[in-house]
Amino acid sequence: MGYRGLIDPKGEQFAYLYGTTLYTLDDEATGRVQGTYIVDMEGNKMWRLDGDAVYTMDGAAVGYLGETRPDEYDF
């Protein structure tokens, strides 16, 4: 499968998307993709997706989803 980092406007990763589930950097599931939204674990809309861009429900930029990275690296 692979994961995509969630990068803030300053360029720092603060979460990641694995499949359709959003995790903190401490590997705690905090939400999931549902259509064009990221919802919390109870199904409440947290953020809106527009392509790779992520916005609050009020339209402020949260950040963007980075490119898909493999689960494991071949070294």
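Residues numbered from 1 in each chain as written. Predicted model: local features only at pLDDT ≥ 70, side-chain atom pairs only at ≥ 80, totals over all residues. Heavy atoms only, no water.

Enquirer: How would you explain the side chain of D8 if you had to name every residue and give the values?
Expert: Locating D8 in the fold gives a position in the loop between β1 (3-7) and β2 (13-18). Setting aside residues no more than four positions away along its own chain, D8 makes contact with F14, V62, G63 and Y64. (Helix = DSSP H or I, 4+ residues; strand = E, 2+ residues; numbered from the N terminus. Contact = heavy atoms within 4.5 Å.)

Enquirer: Give a description of the sheet that holds β1 that names residues and reports values.
Expert: Taken in spatial order, the eight strands line up as β1-β2-β3-β4-β5-β6-β7-β8 and close into a barrel, and their pairing is antiparallel. Going across the sheet, the axis of each strand differs from the next one's by a mean of 30°, ignoring polarity. Judged from the five bridges that link them, β1 and β2 form a sheet pairing that is antiparallel. In the sheet register, I7 faces β2, and the bridge partner there is Q13. (Pairing = 2+ DSSP bridges. Axes fitted to C-alpha atoms, helices over the stretch in contact; angles between N-to-C directions.)

Enquirer: For the pairing of strand β5 (residues 37-40), give the residues involved together with the corresponding values.
Expert: Bridging between strand β4 (residues 29-34) and β5 involves four bridges; their strand directions are antiparallel. Bridged to R32 within β5 is V39. In this antiparallel pair of consecutive strands, β4 and β5, the connection spans two residues, and G35 shows a positive phi of 70°. Of the pairings in the sheet, the one linking β5 to strand β6 (residues 45-50) comprises three bridges and is antiparallel in character. Paired with V39 across the two strands is K45, which belongs to β6. Linking β5 back to β6 in an antiparallel pair, the connection comprises four residues, with G43 at a positive phi of about 95°.

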